[in-house]
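# Chain and residue survey
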Amino acid sequence: MACDLKAEIISVGTEILLGNIVNTNAAFLAEECASLGISVFYQTTVGDNRERLLESMKLAAGRADLLIITGGLGPTEDDLTKETAAEYFGVPLVEDPHTKERIKLFFQRLGRSKIAENNWKQALVPQGASVLDNPNGSAPGLILEKDGCVMILLPGPPEELVSLWKSAVLSYLQKKQNGVIRSRIVKVCGIGESDAEMLIKDLIRDQTNPTIATYAKTGEVHLRITASADSEEEAFSLTDKMVARLGERFGSNIYTSSRDVTLEMAFVDLLRKKGYSLTTAESCSGGMLAGRIINVPGASDVYDRGFITYSNKAKEDLLDVSGETLSKYGAVSYETAYEMACGAARNAEADVAIAVTGVAGPGGGTAEKPVGLVYIGVFVVGHVKAFECHFPGDRTKIRAYTVARALTLARAEIMALSD
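Residues numbered from 1 in each chain as written. Predicted model: local features only at pLDDT ≥ 70, side-chain atom pairs only at ≥ 80, totals over all residues. Heavy atoms only, no water.

## Examining the overall build of the protein chain
Per the secondary structure count, the protein chain includes 15 helices and 17 strands. In terms of overall dimensions, the protein chain has a C-alpha envelope of 80 × 55 × 40 Å along the principal axes. The burial tally for the protein chain puts 47% of its 419 residues in the buried class. Between the mean site of the 44 positive side-chain charges and the mean site of the 54 negative ones, the protein chain shows a separation of 1 Å. (Helix = DSSP H or I, 4+ residues; strand = E, 2+ residues; numbered from the N terminus. Buried < 20%, exposed > 50% of the residue type's maximum accessible area, 1.4 Å probe, protein only. Lys, Arg positive; Asp, Glu negative; His and termini not counted. Charge placed at Lys NZ, Arg CZ, Asp CG, Glu CD.)

Next up, the structure:
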């Protein structure tokens, strides 16, 4: 395979077509392919139907070198992916003793001594296929190759697909390539996609190797740097030089250049390095901010408690927001966010406090205080600020933007005091 490898992603499952589940697998695989320099020109979703799946395989094989197919590897009758792949390659299904033993051990670990007969179906594999052990499930991954066509079959559950990709598929594809393609992700907060692109417009215009692509995330911008070279060392040297150039442009707005580090992970790490404790006080975000922080392994090093104060009474009782402030300025105001941050820090005995209050909608907005208006208060070792923000979208989007901005503002205030 050359570095200009073309791939097609086929997602199998009627539940995806019906909109019962969100197809996160296709998004993950497309991003992973991009990081390897593999072009994905088409994505296909097909239901649990043998004829239509076979037709999709034939169509994809006519325009792509690599077919990545997810789903349909389970034990039930409507799981038809490997049977259809075997038909496409003209090979029978045969029992794989190694997989059968792994299935047995998998169910033993779950405390199930009796295994349903249809589970043994997952031990059948297309003859000649390479079998990929699945550490998180009973269905193995499979790789089939014939006449220049490579087909990779992966289970549908995202946690199984991701682990298989990282443990087996990634290295397989890297070895198949002529030359080396490596990528780095630079993650930026506190600046929008348009402004970010303007800061590096000349780099994008003049790019050859490595290349730069910008991606807008909720409250963030990610920049992917991709370099091709004859060796891994040379490829990483090219990406590292570009990371340094981006550092000159974006400065402290870059919170990481590691693809696996999230904004909340970087924030918790910053608190840990500073020796700061953290608390949160939330109204419209209703615990989402605390949830993102607690999602970080080891967050208990810095986070002891938080407050969800949806009503005015809760703001008064738990955060000492004065009734006069609430009466004069309202719950959604600069003054209330300021007092929420102060009260949270004081009552939790925390070094850092983040407070959120706003109108998430869809109702409750007025001409003076429209839906999307959010105030964020930040307390950092005695220094307090509040910020007025306006976010677009529905209730879910506004709350997500609020949490991202709150983390960004708190991070910026901590760093500003450190300078």
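What follows continues from the structure just given.
## Concerning the packing of aromatic side chains
Each aromatic ring pair is described using two quantities: the centre-to-centre distance and the angle formed by the ring planes. Counted under the stated rule, the structure contains five aromatic pairs. Ring geometry for Y88 against F89: centres 5.2 Å apart, planes inclined by 90°, an arrangement best described as edge-to-face. Here Y88 falls in the partly exposed class, since its relative accessible area comes to 28%. Relative accessible area serves as the criterion here: at 4%, F89 is assigned to the buried category. Aromatic pair F106 and F107: ring centres 5.3 Å apart, planes at 85°, arrangement edge-to-face. By relative accessible area, which is 16% here, F106 ends up buried. Note that R63 overlies the ring of Y42, its terminal NZ or CZ placed 3.7 Å from the centroid. The ring of W120 carries the charged tip of K100 above its face, separated from the ring centre by 5.3 Å. (Phe/Tyr/Trp six-rings, centres within 6.5 Å; stacked < 30°, edge-to-face > 60°. Lys NZ or Arg CZ within 6 Å of the ring centre and 35° of its normal.)

## Looking at the sheet that holds strand 8 (residues 149–154)
Spatial strand order, 2-1-3-8-7-6: six strands in an open sheet with mixed pairing. Each end of this open sheet is capped by a strand with a single partner; those strands are strand 2 (39–46) and strand 6 (130–132). The average undirected angle you get between the axes of adjacent strands in this sheet is 15°. Summarising the sheet, strand 1 (residues 6–12) and strand 3 (residues 66–70) pair through five bridges and their orientation is parallel. (Pairing = 2+ DSSP bridges. Axes fitted to C-alpha atoms, helices over the stretch in contact; angles between N-to-C directions.)

## Notes on helix 2 (residues 24–35)
With 12 residues, helix 2 ought to run about 16 Å at 1.5 Å a step, and its terminal C-alpha atoms sit 17 Å apart, in line with that. Looking at helix 2, one finds that the buried residues are N25, A26, F28, L29, E32, C33 and S35. Immediately beyond the C-terminal end of helix 2, within one or two residues, lies G37, with a positive phi of roughly 80°. (Expected span 1.5 Å × (residues − 1).)

## A few points about the side chain of S11
One can find S11 in strand 1. On the basis of relative accessibility, which here comes to 2%, the residue S11 falls in the buried class. Within the structure, the side chain of S11 is placed 3.0 Å from the side chain of N23, a separation counted as a polar contact. (Polar contact = N/O pair within 3.5 Å; in protein donor to acceptor, adjacent residues only side chain to side chain.)

## A short note on the pattern of salt bridges
One pass over the structure, following the stated rule, counts 21 salt bridges. The salt bridge partner of E8 is R63, with a shortest N-O separation of 2.8 Å. Here R63 lies in the loop between helix 3 (50–61) and strand 3 and E8 lies in strand 1, a separation of 55 residues in the sequence. The partner of E87 in a salt bridge is R50, with the nearest N and O atoms 2.7 Å apart. Placement of E87 in helix 4 (residues 81–89) and of R50 in helix 3 is noted, with a sequence separation of 37 residues between them. A residue is classified by how much of its surface remains accessible, and E87, at 41% relative accessible area, is partly exposed. R50 gets classed as partly exposed once you look at its relative accessible area, which sits at 31%. (Salt bridge = Lys/Arg side-chain N within 4 Å of Asp/Glu carboxyl O.)

## Observations concerning the packing of helix 10 (residues 263–274) against helix 15 (residues 395–418)
Contact geometry for helix 10 and helix 15: axes closest at 10 Å, N-to-C directions at 30°. In this view, helix 10 runs roughly parallel relative to helix 15, as classed from their interaxial angle. Pair helix 10 / helix 15 crosses with left-handed handedness. Taking contact as the criterion, the partners of L263, E264, F267, L270, L271 and K274 in helix 10 are, on helix 15, A404, L407, T408, A410, R411, I414, M415 and S418. (Parallel < 35°, antiparallel > 145°, perpendicular 65-115°, else oblique. Left-handed = near helix turned anticlockwise from the far one by under 90°. Contact = heavy atoms within 4.5 Å.)

## A short note on the environment of T262
Locating T262 in the fold gives a position in the loop between strand 12 (254–256) and helix 10. For T262, a relative accessible area of 29% gives the class partly exposed. For the pair formed by T262 and F41, sequence separation is 221 residues and the distance between their alpha carbons is 28 Å.

## Examining unusual backbone geometry
In this structure, P210 follows N209 across a cis peptide bond, with omega equal to 10°. Looking at the secondary structure, you find P210 in the loop between helix 8 (201–205) and strand 10 (211–217). For the bond running from G361 to P362, omega is 5°, close enough to zero to count as cis. Topologically, P362 is positioned in the loop between strand 15 (352–358) and strand 16 (373–380). Of note in this structure, E349 is not a glycine but carries a positive phi near 55°. Tracing the sequence through the fold places E349 in the loop between helix 14 (334–348) and strand 15. When its relative accessible area of 70% is taken as the criterion, E349 is described as exposed. One non-glycine residue, V381, lies in the positive phi region at around 40°. Mapped onto the elements, V381 comes out in the loop between strand 16 and strand 17 (383–390).

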